[in-house]
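So you can see what is in the structure, the chains are spelled out below.
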Amino acid sequence: MSSPWIESLRSVALLVPDLAKAEDFYTRTWNLEVAHRTDDALYLRGTGSNTYLLALHRGGEVPQLRQVTLRARSRAALDAIQAQVIAAGGTLLAAPHELTRDPAGGIGLKFKDPHGRVFQVVHGDARRPETAAVADRPIRLTHVVLNSHAVDETQAFLQQALGFRLADRTGIMAFMNCDSDHHTIAIGISDNDALNHIAFLMPDFESVMRGGGRMKDAGFPIQWGPGRHGPGNNLFNYFLDPFGVVIEYTAEVEQIDDSYASHGPEHWKWPPGRVDQWGISPPPGATLKEAQKRIFFAPNP
């Protein structure tokens, strides 16, 4: 199921109205650590090997998505992706070059898809030594969900430009695979092209649940969860950060290979009143659904 060019999701970059407020939340409440800072940006890491997994840049009054960064399998993969992006109808924003202003370094290219989503793909970026997971602290990003008003076109672009494969498709989402994680990018079937949510991998079930309690104590109640999804089989708790960005604690993401059988919407159906495997949590409410349509890619990343 893996992409010939993309190894994994590396990081997500956001423009936020208040860096100090963002740092306070994402370090004291969400449990990330500061990896690097500049006057206008903050780079936050989990316990995994990535130098950072969330980049927060000083922006305007409305939060925006700056870019999604993926890691290439090789230097040659960057050249292949550059050619495929253009062939698939994307717009190249920067050819492969040294990322001298990125604290993780490496070589990267940047492009827009036909609907304005901005992606960066890097190779040779710095990594930290692998260490044991720490209870109640995010390890890495496991997936990002991007809405699409034209899901078939977005799916086709990810397949052609980045070598993603369709793992599963439900009535509301197309789950795209590039590595052993069931999905790395999912496409939310919508009337807009906003950020749906960003998912942070926690070490285990206990950490997802304790994270929910810690967030609730800090004044950030669970917006949806706890539960266990169908596609991906992962545990979930969803929240809103101080700026209205939808973020998820997840764990136990299904690991797949070429033997995995993809299923369509007819397979992923629940009994009336259920929206996940357990059926404990009520469906996501209006507050979460509205937030999942509010944050768009910045027009000039």
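Because the structure is predicted, anything quoted here is derived from the model rather than measured.

Undergrad: Describe the packing of helix H2 (residues 75-87) against helix H3 (residues 151-162), with residues and values.
TA: Viewed as axis vectors pointing N to C, H2 and H3 meet at an angle of 145°, and their least axial separation amounts to 7 Å. Along its contact with H2, which presents Ile81, Gln84, Val85 and Ala87, the element H3 presents Phe157, Gln160, Ala161 and Leu162.

Undergrad: Quick one: what's the story with the pairing of strand S13 (residues 195-201), residue by residue and with numbers?
TA: Counting buried residues along S13, seven of its seven residues qualify, which places the element largely inside the surrounding structure. Of the strand pairs in this sheet, S13 and strand S16 (residues 246-251) are connected by four bridges, and their pairing is parallel. The partner of Leu201 across the bridge, within S16, is Thr250.

Undergrad: Run through the sheet that holds strand S9 (residues 140-148), naming residues and quoting values.
TA: The eight strands lie next to each other as S10-S11-S12-S9-S13-S16-S15-S14, forming an open sheet whose pairing is mixed. Looking along the sheet, the strands with just one partner apiece sit at the ends: strand S10 (165-169) and strand S14 (224-228). Averaged over all pairs of adjacent strands, the angle between strand axes in this sheet comes to 25°, irrespective of strand direction. Set on the sheet, H3 makes contact with S9, S10, strand S11 (173-177) and strand S12 (185-189); between it and S12 the angle comes to about 165°. Against the sheet, helix H4 (residues 205-217) touches S14, strand S15 (235-240) and S16, its axis set at about 20° to S15.

Undergrad: With reference to specific residues and values, describe the pattern of salt bridges.
TA: As enumerated under the stated definition, the model contains 18 salt bridges in all. A salt bridge links Arg10 to Asp125; the shortest N-O distance between them is 3.0 Å. Here the residue Arg10 occupies a position in strand S1 (residues 6-16), and Asp125 occupies one in the loop between strand S8 (118-123) and S9, the gap between them amounting to 115 residues. Judged by its relative accessible area of 7%, Asp125 falls in the buried class. Across the pair Arg228 and Glu252 runs a salt bridge whose closest N-O atoms are separated by 2.6 Å. You can see Arg228 sitting in strand S14 and its partner Glu252 sitting in the loop between S16 and helix H5 (286-291), a full 24 residues away along the chain. Arg228 sits in the buried class, given a relative accessible area of 13%. One salt-bridge network, held together by shared partners, links Arg10, Arg71, Asp102 and Asp125.

Calculation rules
- Residues numbered from 1 in each chain as written.
- Predicted model: local features only at pLDDT ≥ 70, side-chain atom pairs only at ≥ 80, totals over all residues.
- Heavy atoms only, no water.
- Axes fitted to C-alpha atoms, helices over the stretch in contact; angles between N-to-C directions.
- Helix = DSSP H or I, 4+ residues; strand = E, 2+ residues; numbered from the N terminus.
- Contact = heavy atoms within 4.5 Å.
- Buried < 20%, exposed > 50% of the residue type's maximum accessible area, 1.4 Å probe, protein only.
- Pairing = 2+ DSSP bridges.
- Salt bridge = Lys/Arg side-chain N within 4 Å of Asp/Glu carboxyl O.

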